[in-house]
Amino acid sequence: MSAERINILKGANRVLVKIGSGVLTGHDGLDLDIIGHLVDEISEYSKKGFHFVIVSSGAIASGMHRMGFKEGLKNLPQKQAAAAIGQGRLMRVYSNAFGRHELVTAQILLTMSDLTDRQRFLNTRNTLLTLMEWGVVPIINENDTVSVDEIKFGDNDNLAAIMANIMEANLLINLTNTEGLYDRDPRGPGKARLISLVTEITDEMEAAASSEADTVGMGGMRSKVLAAGKVTASGVPCVIAHGKKAGILGDILSGRETGTLFVPMTQHLKSKKYWIAFTLRSRGKICIDKGAEDAIVNQGKSLLPSGIVRIEGDFQMGDSVTCVNEDGVSIAKGLVNYSSSEIDRIKGLKTSRIKQVLGDKPYDEIIHRDNMAVNK
Ligand code: GLU
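Residues numbered from 1 in each chain as written. Predicted model: local features only at pLDDT ≥ 70, side-chain atom pairs only at ≥ 80, totals over all residues. Heavy atoms only, no water.

> Which parts of the structure should I look at to understand the packing of aromatic side chains?
To describe a pair of aromatic rings, one takes the distance between the centres and the angle between the planes. All chains considered together, the criterion is met by 5 aromatic pairs. Measuring from ring centre to ring centre gives 5.0 Å for Tyr-45 and Phe-50, while their planes differ by 70°; the resulting arrangement is edge-to-face. This pair shows no difference in class: Tyr-45 is buried, exactly as Phe-50 is. The rings of Tyr-45, Phe-50 and Phe-52 are connected pair by pair, giving a single aromatic cluster. Its guanidinium or amino end placed over the ring of Tyr-45, Lys-48 lies 4.2 Å from that ring's centre, counting from NZ or CZ. The ring centre of Trp-275 lies 4.6 Å from the NZ or CZ of Arg-118, which sits over that ring. (Phe/Tyr/Trp six-rings, centres within 6.5 Å; stacked < 30°, edge-to-face > 60°. Buried < 20%, exposed > 50% of the residue type's maximum accessible area, 1.4 Å probe, protein only. Lys NZ or Arg CZ within 6 Å of the ring centre and 35° of its normal.)

> Could you clarify how one ought to interpret the site of the ligand in this entry?
Taken together, 10 residues surround the ligand, and among them Ala-59, Ile-60, Asn-141, Asp-144 and Asn-156 come closest. Contacts to the ligand include Asn-141, whose side-chain N or O atom sits 2.7 Å from an oxygen atom. At 2.8 Å from a nitrogen atom of the ligand is found a side-chain nitrogen or oxygen belonging to Asp-144. Starting from 300 Å² of accessible surface for the ligand in isolation, the protein chains cover 98%. (Near = heavy atom within 4 Å. Polar contact = N/O pair within 3.5 Å; in protein donor to acceptor, adjacent residues only side chain to side chain. Areas by Shrake-Rupley, 256 points an atom, 1.4 Å probe, with all protein chains shown as cover.)

> Hey, could you run me through helix 7 (residues 118-133) in this one?
Three- or four-residue spacings in an α-helix give side chains the same orientation, since the helix completes a turn every 3.6 residues. Over its 16 residues, helix 7 runs 22 Å from end to end, which matches the ideal 22 Å to within 8%, given 1.5 Å per residue. Here helix 7 has its buried residues at Phe-121, Thr-124, Leu-128, Leu-131 and Met-132. Projected down its long axis, helix 7 carries its buried residues within an arc of 100°, all on one side. Those residues of helix 7 that are exposed and aimed more than 90 degrees away from the buried face are Gln-119 and Glu-133. For helix 7, the capping residue at the N-terminal end is Asp-117, with a side-chain oxygen 2.9 Å from the backbone nitrogen of Gln-119. One or two positions beyond helix 7, positive phi appears at Gly-135, with a value near 75°. (Helix = DSSP H or I, 4+ residues; strand = E, 2+ residues; numbered from the N terminus. Expected span 1.5 Å × (residues − 1). Arc of directions from axis to C-beta.)

> Can you walk me through the sheet that holds strand 5 (residues 105-110) in this structure?
Within a beta sheet, neighbouring strands are joined by backbone hydrogen bonds and run either parallel or antiparallel to one another. The mixed open sheet is built from 8 strands, whose spatial order is 5-6-4-1-7-9-10-8. Pairing within the sheet leaves two strands with one partner each, and these edge strands are strand 5 and strand 8 (197-198). Examined bridge by bridge, strand 7 (residues 171-176) and strand 9 (residues 238-242) share 5 bridges and lie parallel to one another. Each bridged residue has a counterpart across the sheet, and for Leu-175 the counterpart in strand 9 is Ala-241. (Pairing = 2+ DSSP bridges.)

Here's what the structure looks like:
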């Protein structure tokens, strides 16, 4: 056991456990033994005062198995139909398994549009925190049956990263069907080495992580690395580990060397900025000059009209927009106080001229610093 690992993981008692389809399913549909073992461990720690939220895949896989489909499903309606069949079965298995420990479970199904709306985001948060206060184990999945491409999370790894922020987790455990992150694709040629500690996610790491998943999973390793990047940016450590290993949760929680540990960043994003940076979809771009870039990156300032060179996209007041520098590199993301057509009319001007041009000046800033997440 390394002292660094123990130091990072000690005190982790609000834990989001993400369980991938590849862990939950065997040749014969849902693997009740694996689910039973994970639930036993979660229950044991819950009784010691730990709080858990589970993000569980497996609805589509379970539905496919019930229908006797062996091949991967071809299109979205088929996946949605399989999820509708499998989700209830999945919850029944969890509910029975936790019931043996006298723990109650709750189902939460979400789509991206539930979380990009600030009001619905806050309602989801309140529900989740209430369930946790009651000692209930919330089990979350994407609401696959109603999701369309535009509102999909993309995969449950991303959903887990968002939910970890909402539940104020101090650890994300991402259980999958490999040992962790390797320095190259372990399914490819050459010997791949498991990386046990990641202090910074590099471009090479992201590139080496395959986006290919098996027939039942959606994300592959790449989306797990991206999710780890998101939670570590908010100061929360993340472990990617093999979910089929006996005693895996106990091993991780007691700091034993297993899987890949992503070290949290020390200067982390506050919850609202995290929501802006990672939950909201960017609706357009604002290209800023060198002066504005320096003011934002080095001086902690807001974005004013004077530093804006041009804009791209059609967006409304309150939308989330990416700020890019003159080389097109993304600098920050934030909520705009003016629409794209208004910004187009006041770009490059001094704040004092906003009223003259638009007839009104509700705000001095195009994006206020409090509503802006700056890239590192
Ligand atoms: N929501 C999907 C399911 O329950 C899985 C998505 C994923 O694995 O990322 O089957």
